[in-house]
There are 2 protein chains.
Amino acid sequence: MTSKNKVLDHASLTARNSTPVADGPEDSGFAIFSATQIGESNKRRVLQMLFDLGPTSRAELARLTGTKRTTITGIVQPLIEAGLLIEVDPNEKRGVGKPARPLWFSASAAPVCAVFLMPDKVETALISLTGGVSAHRQVPIAPGKRNRETYIDALVAGVDHALAQAPRQALGIGVAVGGMVDPADGSIVAMNLAPAMAGLGLRDLLEDRFALPTIVDHHPRALLLGERWFGAGRGMGNFAVIYADEVLGCAMYLDGKPFRGPHGSGGELGHTIVDLNGGTCTCGKRGCWETVATLGWLRDRAAEAGLPGAERLDSERLVDLSAQMPAAGALLSRYAHNIAIGIANLQTLLMPDNFIIYGDVRRGGEIMQQFLTREISGLAASLPGNPITVFLGQNEQTITLQGAAGLIVSKQLEIEY
Amino acid sequence: MTSKNKVLDHASLTARNSTPVADGPEDSGFAIFSATQIGESNKRRVLQMLFDLGPTSRAELARLTGTKRTTITGIVQPLIEAGLLIEVDPNEKRGVGKPARPLWFSASAAPVCAVFLMPDKVETALISLTGGVSAHRQVPIAPGKRNRETYIDALVAGVDHALAQAPRQALGIGVAVGGMVDPADGSIVAMNLAPAMAGLGLRDLLEDRFALPTIVDHHPRALLLGERWFGAGRGMGNFAVIYADEVLGCAMYLDGKPFRGPHGSGGELGHTIVDLNGGTCTCGKRGCWETVATLGWLRDRAAEAGLPGAERLDSERLVDLSAQMPAAGALLSRYAHNIAIGIANLQTLLMPDNFIIYGDVRRGGEIMQQFLTREISGLAASLPGNPITVFLGQNEQTITLQGAAGLIVSKQLEIEY
DNA sequence: TTAATTTGTGCGACTCACAAACATATTAAG
DNA sequence: CTTAATATGTTTGTGAGTCGCACAAATTAA
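Attention here is on the structure that accompanies the text. (Residues numbered from 1 in each chain as written. Chains lettered and ligands numbered in written order. Predicted model: local features only at pLDDT ≥ 70, side-chain atom pairs only at ≥ 80, totals over all residues. Heavy atoms only, no water.)

Residue and element names in this part refer to chain B. Taken in spatial order, the five strands line up as β5-β4-β3-β6-β9 in an open sheet, and their pairing is mixed. The open sheet is flanked by β5 (133-140) and β9 (214-218), the only strands paired with a single partner. Each strand axis lies, on average, 15 degrees off the axis of its neighbour in the sheet, ignoring direction. The pairing of strand β3 (residues 112-118) with strand β4 (residues 121-127) spans seven bridges and is classified as antiparallel. Among the inter-strand pairings, valine 112 is bridged to a residue of β4, identified as isoleucine 127. Relative to the sheet, helix α4 (residues 148-164) contacts β3, β4, β5 and β6 (173-177), its axis offset from that of β4 by approximately 15 degrees. Contacts from helix α6 (residues 219-230) reach β3, β4, β6 and β9 within the one sheet, and its direction differs from that of β9 by about 110 degrees. (Pairing = 2+ DSSP bridges. Helix = DSSP H or I, 4+ residues; strand = E, 2+ residues; numbered from the N terminus. Axes fitted to C-alpha atoms, helices over the stretch in contact; angles between N-to-C directions. Contact = heavy atoms within 4.5 Å.)

Encoded structure:
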């Protein structure tokens, strides 16, 4: 691969994205595009299409983009020669004419190293561009050993193990953190149950150790990008991921790209106010969504209602109980309603059509999905012809790791022009 | 002006934007860019910069974009020849060297026809690209005569009057409607106090009558675009307009473009739920922001508190009263708090830094601004270095008309690639 | 065996940003 | 008054990229 291929090329990301380039004129927010950037941009588009569509022939790509086949050839030929794409066998014959040669990512193309950092565990894996997970390792972190050294040792060992199995140099390291992070500098702001990690400059640490471009973001955004590049979000222009558990998280895909606020943060749906006269939240405000739609709220209400095992209740057990006890059914309904309020507010404001649910709520299964769908539909104004759909997330572990890798993929494939 | 200049060229907008082009391949959402489109795109960028910066020389534009002066010359020369831009005199000398020749929009360039349609009046004007308002007409519509014919007659007469004074063929007609509209087909969904207008296909009507590209949108979006192209929003990458009066409206500028939901609507901040157990809203839900932050809510509470003239109270009088009566001060505080909640929720979720306030609340002046700023700051988490700023809107009439014109400007200058 | 159809690829034309040199207009220094 | 220095704007060729056209290749249908 020559250095001209800046997309999905390791060299293009080695420069720290925090340090602004000093030689060029400072970025004033305005930009003019040159013909040289067009090729780069179009390459990203074609690769995005392949992610969205799966294996696709040059002719089909040309039809969908409105260009000529010759243009597509010009774009994909260098990528094939670089080993990123390969021609695969057509799985179905389509009548007369020369059979198409679908293009797809090579299994031996450069992979991405994925890290999932939680207070109680460190997961690492290698993710191929086809979404395949390999070299997966999970290291539990005992409550008594939650100091920085333990986490960093597990991290470094896991990444080393993954990188050793990479068929080529990895494109980078994507890290999903179960806690608050500052995406701008890749540091950990706070991690519940692991206070020692607060303030750790994780990105710089990994970049210095492995000399690979590294991106650190929080768990919901990883779920979003996992769905977008490798899951149900492929081809969806607009959707949101909701993580509802002991805390509430949210990430949005709008207008064909992940929404990041003007300053990289934003999307704090859990701390929007839904109860004017509600109780005090951990953030100091009153009536945040988090005060009425978390697992903690559910368990408190269950205790008040005298439900058995209230302190260990979760959605799965609540659904089971609801079949037997009317009080549990009523609580399930309230829980779903309260969760629906935050989602409906998001829908009313930004109009995404699809919601993918993770966290405790996902454990409620189809019953919970039905409750949620009903409540959200009652609260949000869906347009005719564009019904609101609530999906339950699939495998949270896998999607998170794929999403950590998706952080790197996004960095490379998002069209910024 | 040759037909090659597609930006700010009338011909480029004559095709109805509702009817998809039939000759080309259908738009699949994917696109590939050619060198010919680059020129178009860069032309838009340069014109956006001029709007944002005011009169600017070629050399300055080149510096800000990081390109060479020769590139800027290539872009602006055709625009000067077409009469869109002119060289103006430098207002200040800047030391040694050949003096710069700032470029600015010609006062005799193609203008935009602006319409502001309210239940009680029809305003029309001609807006130049420098923001100048001319041929302004305001026709009151008496309550007894609110049928379609009255409105349409006033509209047609006003547009005729404006177009007659245009130095060149107008670029289009932008319509701001005080009511609900469907931006996709430019029809009126509902207008409070003018039920006869519901369902009127206003865009098609005007396009058929005047053979000019027409865009219809609701009042808050016009305010947004008025601020963005001609007002305080110039150069702001992220801001929101809040219209707080008898109803609540909101429009957002995010990531350098106006936010429209996936289906053209969205931004219904007034109907997000902020009071879980609140009263029933006109939309059928409970506890919408509109139930606790409108002029109606204020007057009801004022009546409960026994304030004089409660049924005609507005922010201006409330501020006056608050200097004399503690009860009025308490109500002002509550009013500001409730309005702040919706704004803070928007800020928490999407992180715009700047809010421009219109409607009744604007009449509260600096006192109201201080109350609002304090309440919002208490509820929203501003980042250090990026404080949240609340502006009072300037002249609502002028900005609305400029914003109606801004609908056409946006259509032409938004970078879609 | 032949025609029709579809896929993928060369080659020249065109558009555009870019690089280098040049003409122009002003200030500062002698 | 003359000359150097500096900044602006234009002219001319070059390279990158897509497009239009023609052509080879592979498959099906007659």
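Let us look at the pattern of salt bridges. Residue and element names in this part refer to chain A. This model, assessed by the stated rule, comprises 32 salt bridges over all chains. Here arginine 63 and glutamate 60 are joined by a salt bridge, their closest N and O atoms 2.7 Å apart. A residue pair is termed a helical-turn pair when its members lie 3 or 4 positions apart in one helix, as arginine 63 and glutamate 60 do in helix α2 (residues 58-65) at three residues. (Salt bridge = Lys/Arg side-chain N within 4 Å of Asp/Glu carboxyl O.)

Here the focus is unusual backbone geometry. Look at alanine 211 of chain B: it is not a glycine, yet its phi comes out positive at around 55 degrees. The class of alanine 211 of chain B is exposed, set by a relative accessible area of 52%. (Buried < 20%, exposed > 50% of the residue type's maximum accessible area, 1.4 Å probe, protein only.)

Copies of the same chain, two in number, are related to each other by a rotation about an axis and a translation along it. Least-squares fitting of chain A to chain B yields an RMSD of 0.1 Å, with the superposition described by an axial translation of 0.0 Å and a rotation of 180 degrees. Taken together, the rotation and translation describe the operation of a two-fold axis. (Least-squares fit on C-alpha atoms with pLDDT ≥ 70 in both.)

With that settled, consider the interface of chain A and chain B. Listed per partner, the contact involves 61 residues of chain A and 61 residues of chain B. Each partner contributes to the roughly 5000 Å² buried at the junction of chain A and chain B, and carbon and sulfur atoms together form 66% of this total. There are zero salt bridges connecting chain A and chain B. Viewed at the interface, chain B and chain A are joined by 12 residue pairs in polar contact (both at pLDDT 80 or more). Listed by contribution, the elements that provide at least two residues to the side of chain A that touches chain B are α1 (35-53), α2, α3 (69-81), β11 (248-254), α9 (326-350) and α10 (365-379) of chain A. Per element, the largest residue contribution to the side of chain A that touches chain B is nine residues, and it comes from α1 of chain A. Each residue belonging to the side of chain A that touches chain B can be placed in one class, and the counts come to 30 nonpolar, 22 polar and nine charged. (Buried area = accessible area lost by both parts, 1.4 Å probe. Polar contact = N/O pair within 3.5 Å; in protein donor to acceptor, adjacent residues only side chain to side chain. Nonpolar A, V, L, I, M, F, W, Y, C, P; charged D, E, K, R; others polar.)

Another point: the sheet that holds β11 of chain A. Residue and element names in this part refer to chain A. The five strands lie next to each other as β12-β11-β10-β13-β14, forming an open sheet whose pairing is mixed. In the strand order of this sheet, the two ends are held by β12 (257-258) and β14 (389-392), each with one partner. Where strand β10 (residues 239-244) lies against β11, six bridges are found, and the strand directions are antiparallel. Looking at the pairing, valine 241 lines up with alanine 251 of β11.

Our next topic: the environment of valine 247 of chain B. All names here are of chain B. Relative to the assigned elements, valine 247 resides in the loop between β10 (239-244) and β11 (248-254). Along the sequence, valine 247 and leucine 61 sit 186 residues apart, while their C-alpha atoms lie 42 Å from each other. Those residues in contact with valine 247, other than ones at most four positions away along the chain, are Glu290 and Thr294.

Contacts to DNA strand C come from 31 residues, most closely from Arg69, Thr73, Lys98 and Arg101 of chain A together with Asn42 of chain B. Those atoms of DNA strand C that come within 4 Å of the protein belong to sugar or phosphate at a rate of 68%. A distance of 3.3 Å separates a phosphate oxygen of DNA strand C from a polar side-chain atom of arginine 58 of chain A. Take arginine 69 of chain A: an N or O atom from its side chain is 2.7 Å from a base nitrogen of DNA strand C. (Near = heavy atom within 4 Å.)

Each pair of packed helices can be summarised by the angle the axes make with each other and by the distance between the axes. Residue and element names in this part refer to chain B. At a closest axis distance of 12 Å, the pairing of α4 and helix α5 (residues 202-210) adopts a crossing angle of 45 degrees. With respect to each other, α4 and α5 are oriented oblique. Note on packing geometry: the crossing formed by α4 with α5 is right-handed. Counted together, Ile152, Leu155, Val156, Val159, Asp160 and Leu163 of α4 and Leu202, Leu205, Arg209 and Phe210 of α5 form the full contact between these two elements. Residue composition of the contact of α4 with α5, by class: eight nonpolar, no polar and two charged. (Parallel < 35°, antiparallel > 145°, perpendicular 65-115°, else oblique. Left-handed = near helix turned anticlockwise from the far one by under 90°.)

Function cannot be read off these values alone, since they describe shape.
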